[in-house]
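# What the coordinates show
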Amino acid sequence: MRILFYNADNQHDDIWLSNLRAVLPQADIRTWHAGDHEPADYAVVWRPPAAVLQERAGLKAVFNLGAGVDAILQLGALPASLPLIRIDDGGMAIQMAEYATHAVLRYFRRFDDYERLADKSTWEQLTPFDKPDFGVGILGIGVLGTRIAGSLLHFGFPVHSWSRTAKDTPGVKSYAGVQQLDDFLAASRVLICMLPLTPETSGILNRSTLSKLPRGSYLINVARGGHLVEADLLALIHEGHIAGATLDVFGEEPLPPAHPFWQEPRISITPHISALTVRAEAARQVGGKIAALERGEVVAGTIDRTKGY
Ligand code: NAP
Ligand code: GLV
């Protein structure tokens, strides 16, 4: 079996390869390099250029080394019938829950305000927010959003979700479809974006939607930079409608040094680390799923190409 590997991050490829070889000992695993047009049975990739996948003879499936497949689908290089399989949790859900819960608690407990007061050596007790009025809305309640919801419920937050189809996640009020988006937003004192990036969700965090949040709301974007119209967020923060944001993903990554977000103290920035692929677990998933495909089975995490996630 021939496996083609490509990782745009170009980091720890040796660890990736040894993890993959450990779970697929009989496979011939090679790293793609420019000019490689040789056949492969499977491609295991992260943000590949089109040449890695285009017209690759023998390809039976493509494995994405992360949850979001937007970068692959945007290439337009995959035949619609070729299975595209993403990492399903694989250790990312708990990281997302940690990150989102930390950001919600930091805003809810006013730690940013206390830091600013401490910078001025000021001892002052601020009025706490009222938890029953502090609705947390999660856009996208799939593998990762569900884990975030569970963590926030543990702290007693009123949690609600928005998805394409209605859900019955215990303790979480479900809103579904564009017709229920405005009601969902109106109930969200904190908005967490955990959607896949598709043509339908691109730019969904814009002036119109963010203005429907209650005044003084807080945004957490851990999905993709393409969900957010960055200038609209900045304007709404300056106007006082949005209190602040925690952002892990950006339209351009790395975020350029001159980007105005760096200068806005009400925006907290992390470099796309809210949930990192756990290499050993990802390799184990890929190995298990290749074995299942070879037995002719359908595997979990296969992307529905009509929906784009
Ligand atoms: P998932 O299991 O596929 O869940 C996606 C959720 O979004 C589902 O609830 C789905 O609704 C909902 N959704 C999709 N399109 C929608 C639409 N047009 N309208 C309403 N709801 C819609 O995905 P996941 O594993 O949780 O991952 C989500 C995304 O997180 C990934 O695609 C990736 O971009 C991002 N991510 C970021 C990082 C990071 O480090 N920043 C790490 C991992 C993942 P239905 O359930 O009704 O279909
Ligand atoms: C990371 O951003 C992922 O999609 O796994």
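The following refers to the structure shown. (Residues numbered from 1 in each chain as written. Chains lettered and ligands numbered in written order. Predicted model: local features only at pLDDT ≥ 70, side-chain atom pairs only at ≥ 80, totals over all residues. Heavy atoms only, no water.)

### Observations regarding the overall build of the protein chain
Counting its regular elements, the protein chain contains 10 helices and 12 strands. In terms of C-alpha radius of gyration, the protein chain reaches 21 Å, essentially the compact-globule figure of 19 Å for 309 residues. A principal-axis box enclosing the C-alpha atoms of the protein chain has dimensions of 65 × 40 × 30 Å. Across the 309 residues that make up the protein chain, the buried fraction comes to 49%. The long-range share in the protein chain, meaning contacts at least 24 apart out of those at least 6 apart in sequence, stands at 62%. (Helix = DSSP H or I, 4+ residues; strand = E, 2+ residues; numbered from the N terminus. Rg over C-alpha atoms; globule rule 2.2 N^0.38 Å. Buried < 20%, exposed > 50% of the residue type's maximum accessible area, 1.4 Å probe, protein only. Contact = heavy atoms within 4.5 Å.)

### Section: the site of ligand 2
Around ligand 2 sit Trp46, Gly66, Ala67, Gly68, Met92, Arg224 and His272, and those are all the residues in its vicinity. Interatomic distance of 2.7 Å between a backbone N/O atom of Ala67 and an oxygen atom of ligand 2. Gly68 is positioned with one of its backbone polar atoms (N or O) 2.8 Å from an oxygen atom of ligand 2. Across the complex, the protein chains shield 89% of the 190 Å² of accessible surface that ligand 2 would expose by itself. Its residues assigned to classes, the shell around ligand 2 comprises 3 nonpolar, 3 polar and 1 charged. (Near = heavy atom within 4 Å. Polar contact = N/O pair within 3.5 Å; in protein donor to acceptor, adjacent residues only side chain to side chain. Areas by Shrake-Rupley, 256 points an atom, 1.4 Å probe, with all protein chains shown as cover. Nonpolar A, V, L, I, M, F, W, Y, C, P; charged D, E, K, R; others polar.)

### Here's the deal with the sheet that holds strand 8 (residues 172-176)
Strand order in the open sheet made by the 7 strands is 8-7-6-9-10-11-12, with parallel pairing throughout. The outermost strands of the open sheet, each flanked by one partner alone, are strand 8 and strand 12 (267-269). Neighbour-to-neighbour, the strand axes of the sheet open up by a mean angle of 15°, direction not taken into account. One ladder, built from 4 bridges, connects strand 6 (residues 136-139) with strand 9 (residues 190-193); its direction is parallel. Bridge pairing in strand 9 places Gly137 opposite Leu191. Helix 6 (residues 143-154) contacts strand 6, strand 7 (159-163), strand 8 and strand 9 of the sheet and is inclined by roughly 170° relative to strand 6. (Pairing = 2+ DSSP bridges. Axes fitted to C-alpha atoms, helices over the stretch in contact; angles between N-to-C directions.)

### Focus on the site of ligand 1
Close to ligand 1 lie 29 residues, the nearest being Arg86, Val143, Thr165, Lys167 and Tyr309. In this structure, Val143 approaches ligand 1 through a main-chain N or O atom, which is 2.9 Å from an oxygen atom. Asp248 has a polar side-chain atom sitting 3.1 Å from a nitrogen atom of ligand 1. For ligand 1, whose unbound accessible area comes to 940 Å², protein coverage reaches 93%. Put simply, the parts of the chain that give the shell around ligand 1 at least two residues each are helix 4 (92-108), helix 6 and strand 7. Taken together, the residues of the shell around ligand 1 break down into 15 nonpolar, 8 polar and 6 charged.

### Some points on the packing of helix 1 (residues 13-23) against helix 10 (residues 279-294)
At their nearest, the axes of helix 1 and helix 10 sit 9 Å apart, and the two run at 40° to each other. Relative to helix 10, the element helix 1 is oriented oblique. Two packed elements cross with a definite hand, and for helix 1 against helix 10 that hand is right-handed. Contacts between helix 1 and helix 10 involve Ile15, Trp16, Asn19, Leu20 and Val23 from the first element and Arg279, Ala280, Ala282, Ala283, Arg284, Val286 and Gly287 from the second. Counted by class, the contact of helix 1 with helix 10 contains 8 nonpolar, 2 polar and 2 charged residues. (Parallel < 35°, antiparallel > 145°, perpendicular 65-115°, else oblique. Left-handed = near helix turned anticlockwise from the far one by under 90°.)

### So, the sheet that holds strand 1 (residues 2-7)
Read across the open sheet, the 5 strands follow the order 2-1-3-4-5; overall the sheet is parallel. Taken across any chain shown, the strands that pair with only one partner, and hence form the sheet edges, are strand 2 (28-31) and strand 5 (84-85). Where strand 4 (residues 61-64) and strand 5 come together, 2 bridges link them in parallel fashion. Bridge pairing in strand 5 places Val62 opposite Leu84. Contacting strand 1, strand 2 and strand 3 (42-46), helix 1 runs over the sheet at an angle of about 150° to strand 1. On top of the sheet, helix 10 reaches strand 1, strand 3, strand 4 and strand 5; it is set at about 160° to strand 4, its chief contact.

### Details of the pairing of strand 11 (residues 242-247)
The element strand 11 is extensively covered by neighbouring structure, given that 5 of its 6 residues are classed as buried. One ladder, built from 5 bridges, connects strand 10 (residues 217-221) with strand 11; its direction is parallel. Opposite Asn221, over in strand 11, you have Leu247 as the bridge partner.

### Topic: unusual backbone geometry
Pro254 follows Glu253 through a cis peptide bond whose omega is -5°. With respect to the helices and strands, Pro254 occurs in the loop between strand 11 and strand 12. A positive phi angle, close to 60°, is found at His12, a residue other than glycine. Positionally, His12 belongs in the loop between strand 1 and helix 1. On the accessibility criterion, His12 (39% relative accessible area) is partly exposed.

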